[in-house]
Amino acid sequence: MPETKKLMYINRKAPYGTIYAWESLEVVLIGAAFEQDVSVAFMDDGVYQLTKGQDTTGIGMKNFSPTYSALGDYEVNKIYVDKESLEERGLTLDDLQHLVWEDEDEDYAEKDSIRLVSRAELSEVLADQDVLFNF
Amino acid sequence: MLHLVNKSPHDGCNLDTATSIMKDGDSLLLIEDGVYGAIKAGKAASLLEGRSVSVLGPDLAARGISEDKLVDGITIVDYAGFVDMVTASDNVQSWL
C-alpha cells in the first residue's frame, strides 16, 4: 500500500468565466479514486462555484454544479468554505448547495460536508497538508 | 456610451475603472462573471450607485443568482436586449 497523503485542492475562481473550476472538480474526483486524504477549499471567487440553483441553459455551457454533490460518495467530505469570502460577496451558507456524506461508521448517518471557516482556521488547515493544488 | 464589464468585481479593477469613468447618460451592462457585481449585499454594490445598470439574465441564471439578490433598480436583459443596447449606443467600451 502506498503512503496516504493529505491533499488539498484550493479553488479561487468563479465557475463559468474560466475553465479552472471544472478542471479542478475533475482532478479532485480522479485524486479521490486513489484513496488519498482529500480536502477541498473554496475561497475568494471560488465560493461562487457552490451556489445552488445554477441553470446554464441560457449560456450554452455545461452545468457541472450537480457534480459537487457526488463528492461525498468519493469520501471527499472535508469541504472548507472561507467565511470572509462569502461575506464580501453578499452570500451566506444558505446560498450554497447543501453537500452531505454518509458516515459508514455510524450506520450511514448523513453528515454535512461543508465546514464554514475563518481565515485563521483555514490557515491552520493549510499548514497541515502534504500537497496543495491550486485552481 | 455603453460600458461592458465581464469580470468579477473581486478579480481586478474593471468595475472600479468602468464606474469611475462613466458619464451621466452612459449605461453599464454586466455580463459573464461581471454579473457578480450586481449582488446587493456584496462589497462592490456601492460602485453601482447612481448609475444606469443592466445585467444579462442568462449569465445570472447560470451562476445561481436570483433576482431578489440584485441591487435595486437594476434592469435584467436577454441577448436580444443586449443587442438593442449596443445598437442604441454610439459607442461601446469593453473593460476586458
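Placed above this text is the structure.
On a predicted model such as this, the values are computed, not experimentally measured, just so you know.

Student: Looking at this structure, I do not really get the overall build of chain A. What am I missing?
Tutor: Scanning chain A from terminus to terminus reveals three helices and seven strands. Helices (α) and strands (β) of chain A occur, in sequence order from the N terminus, as β-α-β-β-α-β-β-β-α-β. In terms of C-alpha radius of gyration, chain A reaches 15 Å, essentially the compact-globule figure of 14 Å for 135 residues. Referenced to the eigenvectors of the C-alpha coordinate spread, the extents of chain A come out at roughly 45 × 30 × 30 Å. Across the 135 residues of chain A, 36% fall into the buried class. If you take every contact in chain A between residues at least 6 apart in sequence, the share linking residues at least 24 apart comes to 76%.

Student: What's the story with the overall build of chain B in this structure? I'm lost.
Tutor: Check the secondary structure of chain B and you find three helices and five strands. Tracing chain B from N to C terminus, the helices and strands come up as β-α-β-β-α-β-α-β. Here the C-alpha atoms of chain B give a radius of gyration of 12 Å, agreeing with the 12 Å that 2.2 N^0.38 yields for 96 residues. Viewed in the frame of its principal axes, chain B has a C-alpha envelope of about 30 × 25 × 25 Å. Counting the 96 residues in chain B, one finds 43% classified as buried. Counting contacts in chain B only where the partners sit at least 6 residues apart, residues at least 24 apart contribute 63% of the total.

Student: Can you walk me through the sheet that holds strand β7 (residues 131–134) of chain A in this structure?
Tutor: To summarise the sheet geometry, strands pair through backbone hydrogen bonds and adopt either a parallel or an antiparallel arrangement. All names here are of chain A. Strand order in the open sheet formed by five strands is β6-β3-β2-β1-β7, with parallel pairing between adjacent strands. The open sheet terminates on both sides in strands that have one partner only, identified here as β6 (114–117) and β7. Between one strand axis and the next, the sheet turns through 25° on average, direction left out of account. Bridging between strand β1 (residues 6–11) and strand β2 (residues 37–42) involves six bridges; their strand directions are parallel. By the bridge assignment, Leu7 is partnered in β2 with Val38. Sheet strands touched by helix α1 (residues 20–32): β1, β2 and β7. Its angle to β1, the strand with the most contacts, is close to 165°. Of the strands in this sheet, β1, β2, β3 (79–82) and β6 touch helix α3 (residues 119–127), which is tilted by about 145° from β3.

Student: Could you clarify how one ought to interpret the environment of A:Gln36 in this entry?
Tutor: Residue and element names in this part refer to chain A. Looking at where Gln36 falls in the secondary structure, it is placed in the loop between α1 and β2. Counting along the chain gives 32 residues from Gln36 to Thr4, while the straight-line C-alpha distance between them is 5.3 Å. Excluding its chain neighbours within four sequence positions, the residues that come into contact with Gln36 are Thr4, Lys5, Leu7 and Gly31.

Student: Explanation requested: the sheet that holds strand β5 (residues 92–95) of chain B in the structure shown.
Tutor: All names here are of chain B. Across the sheet, five strands lie side by side as β4-β3-β2-β1-β5; this open sheet has parallel pairing. Edge positions in the sheet fall to β4 (75–77) and β5, since each has one partner strand and no second. Looking at each pair of strands side by side, their axes are set apart by 25° on average, direction ignored. Bridge count between strand β2 (residues 27–30) and strand β3 (residues 52–56): four bridges; the pairing is parallel. Opposite Leu30, over in β3, you have Val55 as the bridge partner.

Student: What should I look at first to understand the interface of chain A and chain B in this one?
Tutor: Reports often express the size of an interface as the amount of accessible area lost when the parts come together. Between chain A and chain B, the contact holds 19 residues from the first and 19 residues from the second. Of the residues belonging to the side of chain A that touches chain B, the class tally is six nonpolar, seven polar and six charged.

Student: Whenever I open this one, the environment of B:Phe82 confuses me. Can you help?
Tutor: All names here are of chain B. By secondary structure assignment, the location of Phe82 is in helix α3 (residues 79–88). The spacing of Phe82 and Asp72 is 10 residues in sequence and 20 Å in space, taken between C-alpha atoms. Not counting residues up to four positions away in its chain, the partners in contact with Phe82 are Leu29, Leu56 and Val77.

The rules we used
- Residues numbered from 1 in each chain as written.
- Chains lettered and ligands numbered in written order.
- Predicted model: local features only at pLDDT ≥ 70, side-chain atom pairs only at ≥ 80, totals over all residues.
- Helix = DSSP H or I, 4+ residues; strand = E, 2+ residues; numbered from the N terminus.
- Rg over C-alpha atoms; globule rule 2.2 N^0.38 Å.
- Buried ≥ 20, exposed ≤ 12 C-beta atoms within 10 Å, placed from the backbone.
- Contact = placed C-beta atoms within 7 Å.
- Pairing = 2+ DSSP bridges.
- Axes fitted to C-alpha atoms, helices over the stretch in contact; angles between N-to-C directions.
- Nonpolar A, V, L, I, M, F, W, Y, C, P; charged D, E, K, R; others polar.

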